[in-house]
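# Survey of secondary and tertiary structure
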Amino acid sequence: MNTKLLMVLSGMAAISISGQVSADAASDYTTNCNSCHNVAIAPALQAPGVGDKAAWAPRIAKGMDALYHTALNGSSVNPVMMPRGGSSLGDDALKAVVDYMVSQSK
Ligand code: HEC
């Protein structure tokens, strides 16, 4: 990973940490997850971009529980996906955001 990418990532982590609990999954997504999961940057991070059906298909095939598990605990293969995406969202709010991301990507 090069220095420039690291600088971009640390900037995004600072943004995502400021996330707060809300009943609105779409706005929770925008606040906490879009910095990495928007289709413009996601491929560079090896993250699935929201709306990128091809990127999500193999992940959706694992089942929602597997996706919730990664969202809650972070990725075991890619540390860029931190527990809760670096946010302070509660379990239910976080799962609602995952549902939203999947609904936009299939
Ligand atoms: C700092 C960048 C970053 C942020 C912020 C981030 N993600 Fe991710 N996310 C990733 C990366 C990279 C992956 C790919 C991980 C992998 O392949 O295991 C990923 C993967 C995922 C997956 C797929 C997991 C799977 O098992 O295939 C879900 C679901 C997900 N993120 C949800 C979220 C949610 C919800 C948020 C916001 C609360 C969020 N992410 C915020 C980088 C991020």
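Above this text is the structure in question.
Scope of this entry: the structure provided in the associated data block. (Residues numbered from 1 in each chain as written. Predicted model: local features only at pLDDT ≥ 70, side-chain atom pairs only at ≥ 80, totals over all residues.)

## Overview of the environment of Ala96
What counts is decided by this rule: Strands here are runs of E lasting at least two residues and helices are runs of H or I lasting at least four, both read from the DSSP assignment and numbered beginning at the N terminus. Exposure in this text rests on C-beta crowding, where 20 or more other C-beta atoms within 10 Å of a residue's own make it buried, 12 or fewer make it exposed, and counts in between make it partly exposed. The C-beta atoms are placed from the backbone.
Looking at the secondary structure, you find Ala96 in helix 7 (residues 91-103). Of the residues examined, Ala96 has 19 C-beta atoms within 10 Å and is grouped as partly exposed. Along the sequence, Ala96 and Asp24 sit 72 residues apart, while their C-alpha atoms lie 8.4 Å from each other.

## Things to note about the site of the ligand
This is how it is decided: Working rule for contacts: place C-beta from the backbone, and if it is within 6 Å of a molecule or strand, that residue counts as near it.
Taken together, 31 residues are adjacent to the ligand, and Cys33, Cys36, Ala47, Ser75 and Gly85 come closest. Among the elements of the structure, helix 1 (3-17), helix 3 (34-37), helix 6 (64-73) and helix 7 are those that each provide at least two residues to the shell around the ligand.

## A look at the environment of Ala44
For Ala44, the location among the structural elements is in helix 4 (residues 42-45). We classify Ala44 as exposed; it has 10 C-beta atoms within 10 Å. In this structure, the C-alpha to C-alpha distance between Ala44 and Leu5, residues 39 residues apart in sequence, is 9.0 Å.

## Some words on unusual backbone geometry
Unusually for a residue other than glycine, Gln46 sits at a positive phi of about 60 degrees. Residue placement: Gln46 occurs in the loop between helix 4 and helix 5 (53-60).

## Remarks on the nonpolar core
The following threshold applies: Only buried Ala, Val, Leu, Ile, Met, Phe, Trp, Tyr and Cys residues enter a nonpolar core, and they are joined through C-beta atoms within 7 Å. Here, residues touch in the contact sense if the C-beta positions derived from the backbone fall within 7 Å of one another.
If you look at the biggest cluster of nonpolar residues, it comprises 13 residues, and the most contacted ones within it are Leu94, Val97, Val98 and Met101. Aside from chain neighbours lying at most four places away, what touches Val98 is Leu67, Tyr68 and Ala71.

## Observations concerning the environment of Gly51
Structurally, Gly51 can be placed in the loop between helix 4 and helix 5. Judged by the 15 C-beta atoms lying within 10 Å of it, Gly51 falls in the partly exposed class. Sequence separation between Gly51 and Ser105 is 54 residues; the distance between their C-alpha atoms is 4.1 Å. Setting aside chain neighbours within four positions, we find Gly51 in contact with Val39, Gln104 and Ser105.

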